[in-house]
Amino acid sequence: MTKRRLARAAATLGAVGIVLFASPAHAADEINIDHVESADGKVSVLVAVDKLPGGATPDLDAVTVTVDGDPVDATAKTVEAGEIERTTVLALDTSRSMRGAPIEDAKAAAKAFLDAAPEDVKIGLLTFSGTVQSTIEPTTDHATLAAAIDDIKLTLGTRVYDAVVEAVDLAGVDGARNVLVLSDGKDQGGGAPIADAIASATDKQVVVDVVSLDQSPADRALLSQISDASGGSVIDADPASLEGVFTAQADALASQVLVTFPAPKKSTDEVNLAVQLTAGGATYDDSALVTIAVADQGPQAVSHGEAKVGKGALLLGGLALGVGLAILLAIVMMGAKGPSENQRRLAVYLGEAKPGGKGKRAGEAAPASLKESAVALTENFVKGDFEQRLNKRLAGGGVSLTAAEWLLIHAGVAAAAGLIGLILGGGPAMVVFLVLGTILPWLYLRRRHSKRLAAFNSQLAETLTLMAGGLSAGLSMPQAIDTVVREGIEPMSGELRRALVEQRLGVQIEEALDGVADRMESEDFAWVVMAIRIQREVGGNLSELLNTVANTLREREYLRRQVKVLSAEGRMSAYVLGGMPIVLFLYMLLVRPDAVRPLYTEPLGYAMSAAAITMLLGGFFVMSKIVKVEV
C-alpha cells in the first residue's frame, strides 16, 4: 500500500491516525528519523541518535521541528516503555558454513542483543539455511528467545532472500519495525529473487540492517541493495566482533529519542518533516518526506470525492427525468377506456377472466389504473407487423402479456439497469448496463420460447399416440383433441385448448391447429397438420397414420437428443469463450476502471475494442455453426 493511499485512509478514519513510516532521507549520518506515526491528534517521531560523535548526549530541550519549513511546538524525551511500539526481528544464518566458532559467536551475540535491548522492545527470531527453519513471533519474553537460540541446529543451503521476506512479514504492521540479518554467504538461488526481498521491505516499510560476516565485496553488494532500499545499512564484522556489533544495535534502541508535536489542521499528500537537535555544542539535523493524519477538528464538511459524470451527463439525466415525469403525467391524465364488452365476454369464454366483473353493469368501463393508462398509451406506438410478431413470440413463450405490456416492462428494466450503471461506474458503465438491460429481456424471451418449443416437440409423439387411441375408439378429431387437453400437460394441453376454443368459435380445426404450429414454430407439428388435412380430403385410416407419424417423431427426437449430447462440449466451449471477455471487461469496469478506460477513451483503444469485438463475434459465429447439427 503506498503512502498516498495510507493518507487517504487516514483522512477517512478521522482522528484515529494510521501508522505511517518514512524511509529516512539522510541529511546527515549522525541522527536519523526512523519512524513517524500519528494518532489522537498527535504526531510521534522516533529519532536515532546512536551515531552522535563520541557518544554525545543530545540536549532534549533544544530540539526544533519544522513541517514544510514552518516551526511547530515540539517536545523531546527518551523513549519509555509503552509510549511507542517497537519491534525487531533477528534473522540468523544457520547454514553449514557457520559451523564452529562463527555459529557459537553468533549465538553469543544474539543473546547479548537480548540482554541489552530495552524490555519494551518486542523481539522475534528467525533462522534460515536452505529453507526458513523456525520462527518465533515477536515477544517481550527475551528469556524464551535465549533458550531457542541455544537450540539452533545447522543444515545445508542459504536462502537469504527468503529469510528477508519471512522476517519482514514476521515484524508485523504496527509501530517502528526493523530486521537485523546475520549471514556469511550469498543467496544460493532456488527461492525468492532479490527483487522480492527489496519489494517486501519497501512496501511494508521495514528497515533491514545486515551484518555481513566475512563476505566478499560482490556478496556484500547484493545485500546492500536490500538495506539501502529500506533505509538500513550493511555492517561488516568477523566472528570475534559479532557480540559488539549486536550490542551496539541494542544500545541504539535504548538511546532513541521520541519527538512529539500536535498534528496539523490540514493535510497534504506529503510534507517535509525536519528535526534538528544539539549535542556536544554541535547541531545535527535530518529530514524526510512523510504523510501524517490531520487532527480531529470536530464535525467536518463531507467530501464526496470526484464526480462520476460530467455536467453534460448530469444535464442529460435531468432532461430524461423531466421527460419521464411529463410522460407519467400524460398517462395519468389521459386514462384508459378499458376493454370493450365483446372483449370482456371473449376473455371470459377463453378462461382469461372471471365472469361478473365485481358487480359492474354490462358495458360500464372500469376506472383506469396507472398500469392500464400506461398500456393504453404504449399501444398507440405498437402497431402493425411488429405487434403481431411480438405477440406471436410472447404467446409461444407462454408469457401472458400483451406487446404493449411487455415493452413497458422492457423499458423499465433497461432504465433501471442504466441507473445502476451510472451509480456504480459513471457514464461508460451506464452505457454498458443500458445495453445489457436492452438485450437481456429479449434473450430471456427467446430462451423461454426455445425451452417451451423443445417441451412441445418432446410431447408431440405421445400426444399423437393418445389422439390415435381416441380415434380408434370412435371419437371425432375435436373429441380426441379434448382428451389430450384434459389428460395432457403444458405446453401441449394449453395450445390444444386454444385450438379447441377457436374451433368452437367457427374456425376449422385444421386452421386452428395450423395456428398452434405457427405460434410454436414447430415444423414437426406443421407436418402433422398437413397429414391430417390430406387424410380428411382423400380419406384413409387417420388413427394408423398418426401412429406412424408418432413413431417417426420418436426416432427423430431420439436422434436430436443424441446429437445434443455429443455437441454439448463444443456448445459449452463457445459460451465460455464468447462470454469470458465480456464478463472480464464488466468486472474490470467496476473494480479497476482505470485499467480499461483507454479502451473507450483513446483512438488506439477504439481500434483495439473494435478488433476484439469483431474477432469475438466471428469466433462465436463459427463455433456455433460447427456444433449446430440439423436433424
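Below you will find a few notes about this structure. Being a predicted model, the structure only gives us computed values, none of them experimental. (Residues numbered from 1 in each chain as written. Predicted model: local features only at pLDDT ≥ 70, side-chain atom pairs only at ≥ 80, totals over all residues. Heavy atoms only, no water.)

What about the sheet that holds strand β11 (residues 234–237)?
- If you walk across this open sheet you meet the six strands as β8-β7-β6-β9-β10-β11, and the pairing is mixed. The open sheet terminates on both sides in strands that have one partner only, identified here as β8 (132–139) and β11. The sheet shows a mean angle of 15 degrees between the axes of neighbouring strands, taken without regard to direction.
- Relative to strand β9 (residues 176–183), strand β6 (residues 86–93) runs parallel, the two being bridged by seven bridges. Following the sheet pairing, Val89 is matched in β9 by Val179.
- Sheet contacts for helix α2 (residues 101–116): β6, β7 (122–128), β9 and β10 (207–213); angle to β6, the most-contacted strand, approximately 170 degrees.
- Helix-sheet contacts for helix α4 (residues 160–170) involve β6, β7, β8, β9 and β10, and the interaxial angle to β8 is about 25 degrees. (Pairing = 2+ DSSP bridges. Helix = DSSP H or I, 4+ residues; strand = E, 2+ residues; numbered from the N terminus. Axes fitted to C-alpha atoms, helices over the stretch in contact; angles between N-to-C directions. Contact = heavy atoms within 4.5 Å.)

Digging into the pattern of salt bridges
- Taken as a whole and judged by the stated rule, the model has 21 salt bridges.
- Asp236 is the salt-bridge partner of Arg220, the closest N and O atoms lying 2.7 Å from each other. Note that Arg220 is positioned in helix α6 (residues 217–230) and Asp236 in strand β11, a separation of 16 residues in sequence.
- On the basis of relative accessibility, which here comes to 27%, the residue Arg220 falls in the partly exposed class.
- Close ionic contact of Arg504 with Asp482 constitutes a salt bridge, the shortest N to O distance being 3.9 Å. Separated by 22 residues along the polypeptide, Arg504 in helix α14 (residues 492–504) and Asp482 in helix α13 (residues 477–487) bring together distant segments of the chain.
- The class of Asp482 is partly exposed, set by a relative accessible area of 22%.
- Beyond isolated ion pairs, a larger network of salt bridges with shared partners links Arg452, Glu490, Glu495, Arg497, Arg498, Glu502 and Arg519. (Salt bridge = Lys/Arg side-chain N within 4 Å of Asp/Glu carboxyl O. Buried < 20%, exposed > 50% of the residue type's maximum accessible area, 1.4 Å probe, protein only.)

A few points about the packing of helix α15 (residues 509–520) against helix α16 (residues 523–538)
- At a minimum axis distance of 9 Å, the contact between α15 and α16 shows a crossing angle of 170 degrees. It follows from the interaxial angle that α15 and α16 lie roughly antiparallel. When you trace α15 past α16, the crossing you get is left-handed. Note on element contacts: α16 touches α15 through Phe525, Ala526, Val529, Ile532, Arg533 and Arg536, opposite Glu510, Glu511, Leu513, Asp514, Val516 and Ala517. (Parallel < 35°, antiparallel > 145°, perpendicular 65-115°, else oblique. Left-handed = near helix turned anticlockwise from the far one by under 90°.)

Description of the sheet that holds strand β1 (residues 32–39)
- Here we have four strands laid out as an open sheet, ordered β1-β2-β12-β5, and antiparallel in their pairing. Each end of this open sheet is capped by a strand with a single partner; those strands are β1 and β5 (75–78). Sheet twist, expressed as the mean angle between neighbouring strand axes with direction ignored, is 20 degrees.
- As judged from the seven bridges shared by β1 and strand β2 (residues 42–48), these two strands associate in the antiparallel manner. Along β2, the bridge assignment pairs Ile33 with Val47.

With respect to a positive patch on the surface
- Taken together, the side chains of Arg447, Arg448, Lys451 and Lys564 present a region of like positive charge at the surface.
- At three residues, the largest contribution of residues to the positive patch is made by helix α12 (residues 403–472).
- Examined against the element boundaries, Lys564 turns out to sit in helix α17 (residues 542–566). (Patch = residues over 30% accessible without salt bridge, like charges linked within 9 Å, V, L, I, M, F, W, Y side chains within 5 Å. Areas by Shrake-Rupley, 256 points an atom, 1.4 Å probe, with all protein chains shown as cover. Lys, Arg positive; Asp, Glu negative; His and termini not counted. Charge placed at Lys NZ, Arg CZ, Asp CG, Glu CD.)

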